[in-house]
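Examining the three-dimensional arrangement
What follows is each chain in one-letter form.
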Amino acid sequence: MLANRTVCLQKNRSWITWIFFVLFALSGASALIYEVVWVRLFTTILGASSYAVTIVLATFMAGLGLGAWGIGKKADQYTEKQLIKAYVILELGIGIYALLLPVLLGAAESWYVAFFRHFSPGPSVFNGFRLILSILLLIVPTTLIGATLPVLSRYIIRREQLISLKVSQLYALNTLGALCGTLFAGYILLPRLGISLTTMTAVGMNMFVAGVFWLTNAMTGPSQKPLDRFLVKGTQEDRKTTHFQKVVLMGFCLSGVAAMFYEVAWTRTLSMILGTSTYAFTTMLSTFLLGIALGSAVYGYIKRFVPVRWLFIGLQFIITASALMSIPLFEKLPFLYLSINAAGMDSWMDVQFIRFVLAASVMLLPTLALGTLLPVVSAFFVEKTSHLGRRLGTAYGLNTLGNVIGAAAGGLLLIPFLGMQKTIMIGAVINFVAGSMVCLINTDISKRTRWAGVTTAALLTIVLITAVTPWAPKIINSGVYVYEDRYNTMLDRYQKASENQNSIPTLPPWQVFEMAMKQYDLLYYDTGVSATVAVMERSDGVKFLTINGKTDASTGKKSDMATQVMIAQLPLLFHENPDKVLVVGLGSGITAGSVLTHDIRMVDCAELSPSVIKAARFFNKANHGALDDKRLRIVPRDARNMLLTTEERYDVIISQPSNPWISGESSLFSLEWYKLVRQHLESGGLFLQWLPAYLMSEKDLKIIVHTLRSVLPNLTVWTSGSLGDLIFIAKKSRPLRIDYQQVLQKLEKKSVYEDIQRLGIDPLTIPFELFVMNEPQLNRYLYSNIEKPLHKNTDDLLFTEFSTPKQLTRQKKVRRFILPGRLHGDLESLKSILININDKEIFNLFPKDIGKET
C-alpha cells in the first residue's frame, strides 16, 4: 500500500513542490515572528535607544546575508539527500536555538551590566560592545534563516529555464509568510500569549516544516529529474561572472541601501500620522512586506512582455519616480485620516483598515518594484542549476548587505541630519544611479539609445526633485492619530458657526483641519535620531512640546503645567530629607526645574533624545533654567537601561513616561521595571508614577496599579488638580506618613513656595487639595467588583501596551478620575497618613467644603 502511495505521489510531483512552497511560507512566518520577538527581548537588555534597536536589526539582516552567501555556495556541492538533510537541519537548528536564546540572554545581561559598571564606557565603546553582544547571540540563528532560500532553491529547481520563475515563487511565498507572521505576532500572539508562547509558536512552525519536509521526501523518493551533474564535481566548469553581471549585482546592492532608506523614512513619517503603538508599526511593516511579496509574485507575468535586461533598468527608474511622487502624498495623509474617520469609520477594525490604506498609498508601488528585483537579478546572474546556491546566495547576500548599510546610515545619520523627506530623495537618486549603471553597459542596444534613456530618466528625476516642496511641519506634526476627536469637534463647531453667521465662509473639511493645524507658531522642529520633536506656541503665549505629533508637555496652567510641577513637588515635600533624585524623561524640563527648587545635592535625568534636550531650552522661563543648574546631570540613555547598569541609589524616583501604549515606553509600566526601581531606591525612598487616566480604560489603569502595588505595596493616590492626571506615590519598606510641619518648613523656601503658587494653588493646602486615596481605599478600588483576578504587566506580556490603543478607539476611559467633582479623597482617609497636625488646625484651614469621598 505504501508503494502505491509513493507511485501516486511521484506522478503528482508538482503538488509536492507546492507543498514545499507552503512550508517555505511557514518558515518565513516564523522568521519574522523571531525578528519581532528578539527585538523586544534585546531592548530590555541593550536599551530602547535607536542605536540599540538599529544594532539588533542590522545584526539580524547581516546574519541573513551571511547565511545565504556562506551556506548557499556549499549547497551546490550537496547531493539530493544531503540537501534534504541540510534543510531539515536548518529548520530544526533555528527552532532549537530560539528555545535556548532566552537562557543565553540571561547570561548576556550579566556580562552587559558587568562591562558597563567596570569600564564606564563612552557612547562609541558602549555601542561597539552592544554590537559584539548582538553578533554573538544572533549570528547563528540568523545565518541559518538566511541559508534556507538558497538551499531549498537548489533542491527544488531542476530546470535552468525555470530558475528565475521558481525563485520568484519561492521568494514571494516566503515574504507572504513573513507578512502573515508579522500580522499574527503583532495583532494576535503577542497581545494574547506574550513573548514566551509566541516564541514557542514559531518554534513549532520550524519543527512542523522540518518534519513535513523530511516525511514528504521520504514518501516520494528521489525526484524524476536528478540534480545537475556538476553538483558532485563542484563548480570548476562554471562560467566566470561577466562585467555586466557584476554591475547588476552592484545595482542590486545599492537597491538594498535605498530600500532601507525608504523603510526607515516612511516609518518615521507615518508614525506621526498613524500612531506610535505596536499595532501601527505592525501595519507599516506588513504593508512594506506586502509590496515585496506582490512584486516577486507578478514577475512571471511581467517577464513575458519585457526583456529582463530592460526590466531591471525599468524597475529602478519606476522606484525612483514612485518614491519621489509619494513625497507630496505624506502631507495629504493627515487630512485623509481625519476625513475617513469623520465619515463614520471609527471602530477598532476601521482604524486598522485606514492605517493600511494610507500606508499602502505611499508604499505599495515602490515596494512592488523592489520585490521584483530579486527574480530579475536571478535571471541575469543564475544561469545554471549547478551554481544556483552560490549565485543566488551571493545576490541575496549583497542585497542584504545594502539593507544593513541603509538601516544604519538612514536611521542614525541621514534622518537626524537631513530629515525624512531628503532621505527619501537620496534613496530615489540611488535607484536612479543603479538603473543608469546597468543601462549604460547594456550592449543589447546602441550607445545612443542608452544615453538617451539615461538622460530622459535623469531629467525626469530632476523635475520630480525640484517639484518637491518641503513638508509643513505643523501638518505632519499634527498628531491626528491621537487628537482626531479634537479636530472633528473643531470641524463641527466651525460648520455650525458658518451656518448661523453669514460672515463665516463655508469651507470644505480639509481646509478647516488645515486652519486648526496651522494656528500655532513653530518655534523648533527637529527630526532627531529617536523621534521628531517640535515646540509650538499658541496666540496666548502657551508653549507646548510634541514628540512624534503627540503633545508631551506644555505651559498651560489648567492642564500640563500643574502636573509637571506637582509630580516634582509632592514627593520632595513628603520625603524627610531627599538628597538624590532621578527623573525619568526631561520633556520641557519643568519637572526637573521644580525638583531643583529644593535643597537637592544631585538630580539625574534619563533622556534619550538630544532633540528633546534642545527643545527644553525653549521652556527656560517655566523650568527655572534647569539645564544650566550644575546639580542636574542629563543621562543620554533610557531610564530602564540606566538603572540596569548603574549602582546609584536614589531617595526619590519620578517616572513620567508618556503613555503605556507607546512602543518603546510601554516597558516602563512592567513588573520588571518596578523591581528595578525598588532595587535602586534608598530605604524609605519615594517612587512617583504618573498615569494619564483620561487616555486609559479602568481595566488598564487597574492592571498597571496592581503591577506597581505588587512590588511597592505602600501606595497612595494623588492628583495634580488637572482632570485625569493621576499621581501614585509609593514608599519603600513602610507606609507613607506625611509630617505636615515638615511640609510647612520646606514651603518656607521662597523658590518652592512660588513654584507652586504660580499654578493658582495655595501651597499650604497641597495635601488637602490633591489627595485622592490612601492604601485601604486603593485596595477597595482595585479589587472590588472585578470578575477575574487582575493581570500583571510583565516584559513577557505587556497587557496595557496592546489593550490601551483598543480602549482609546472605543472611548472606554476612566470616568472616576476625569470628572471635576470626583478628584478629591475624603478628609478622614487623609488624616490617617498625616502627622503633626491636629483637628483644630485642619478645621480652621478647611471648614466644611472638603472634597467628599466617592
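Below: a short report on this structure. None of the values given here were measured: they were computed from a predicted structure.

**Re the overall build of the protein**
- Secondary structure summary: the protein contains 33 helices and 14 strands in total.
- The C-alpha atoms of the protein give a radius of gyration of 30 Å, which matches the 29 Å a tight globule of 854 residues would have.
- With respect to the three principal axes, the spread of C-alpha positions in the protein is 100 × 65 × 50 Å.
- Among the 854 residues that make up the protein, the fraction classed as buried is 60%.
- For the protein, the share of sequence-separated contacts (at least 6 apart) that also reach a separation of at least 24 residues comes to 81%.
- Here the protein carries 82 positive and 60 negative side-chain charges, and the mean point of each set is 10 Å from the other.

**Looking at the nonpolar core**
- Counting 199 residues, the largest nonpolar core has Trp38 and Phe728 as its most contacted members.
- Among the elements that take part in this core, helix H9 (residues 243-274) stands out by supplying 17 residues, more than any other.
- Setting aside residues up to four positions removed in sequence, Trp38 forms contacts with Phe60, Ala98, Leu101, Leu138, Pro141 and Thr142.
- Judged by nonpolar contacts, the second largest core, of 58 residues, contains Ile600, Leu686, Ile756 and Ile766.

**Points about the sheet that holds strand E9 (residues 681-692)**
- Judged by pairing direction, the sheet is mixed, and its eight strands sit side by side in the order E7-E6-E5-E8-E9-E11-E10-E13 without closing on themselves. For this open sheet the edge positions go to strand E7 (632-635) and strand E13 (771-773), each flanked by a neighbour on one side alone. For this sheet, the mean inter-axis angle between neighbouring strands, taken without regard to orientation, is 20°.
- With two bridges joining them, strand E10 (residues 715-719) and E13 adopt antiparallel strand pairing. By the bridge assignment for E13, Trp718 is matched with Phe771.
- Lying on the sheet, helix H21 (residues 560-574) is in contact with strand E5 (580-584), strand E8 (650-655), E9, E10 and strand E11 (725-731); it crosses E11 at an angle near 20°.

**Some details on the side chain of Asn714**
- Along the polypeptide, Asn714 turns up in the loop between helix H26 (698-711) and E10.
- Classification of Asn714 as buried rests on a relative accessible area of 12%.
- Among the polar contacts listed, one links the side chain of Asn714 to the backbone nitrogen of Arg734, at a separation of 3.3 Å.

**A few points about the pairing of strand E3 (residues 543-547)**
- Of the pairings in the sheet, the one linking strand E2 (residues 532-537) to E3 comprises five bridges and is antiparallel in character. Opposite Glu537, over in E3, you have Lys543 as the bridge partner.
- Counting the residues in the hairpin turn of E2 and E3 gives five residues, including Gly541, whose phi is positive at 95°.
- Two elements, E3 and strand E4 (residues 550-554), share four bridges in a ladder whose sense is antiparallel.

Reading guide: rules and limits
Residues numbered from 1 in each chain as written. Predicted model: local features only at pLDDT ≥ 70, side-chain atom pairs only at ≥ 80, totals over all residues. Heavy atoms only, no water. Helix = DSSP H or I, 4+ residues; strand = E, 2+ residues; numbered from the N terminus. Rg over C-alpha atoms; globule rule 2.2 N^0.38 Å. Buried < 20%, exposed > 50% of the residue type's maximum accessible area, 1.4 Å probe, protein only. Contact = heavy atoms within 4.5 Å. Lys, Arg positive; Asp, Glu negative; His and termini not counted. Charge placed at Lys NZ, Arg CZ, Asp CG, Glu CD. Core = buried A, V, L, I, M, F, W, Y, C linked by side-chain atoms within 4.5 Å. Pairing = 2+ DSSP bridges. Axes fitted to C-alpha atoms, helices over the stretch in contact; angles between N-to-C directions. Polar contact = N/O pair within 3.5 Å; in protein donor to acceptor, adjacent residues only side chain to side chain.

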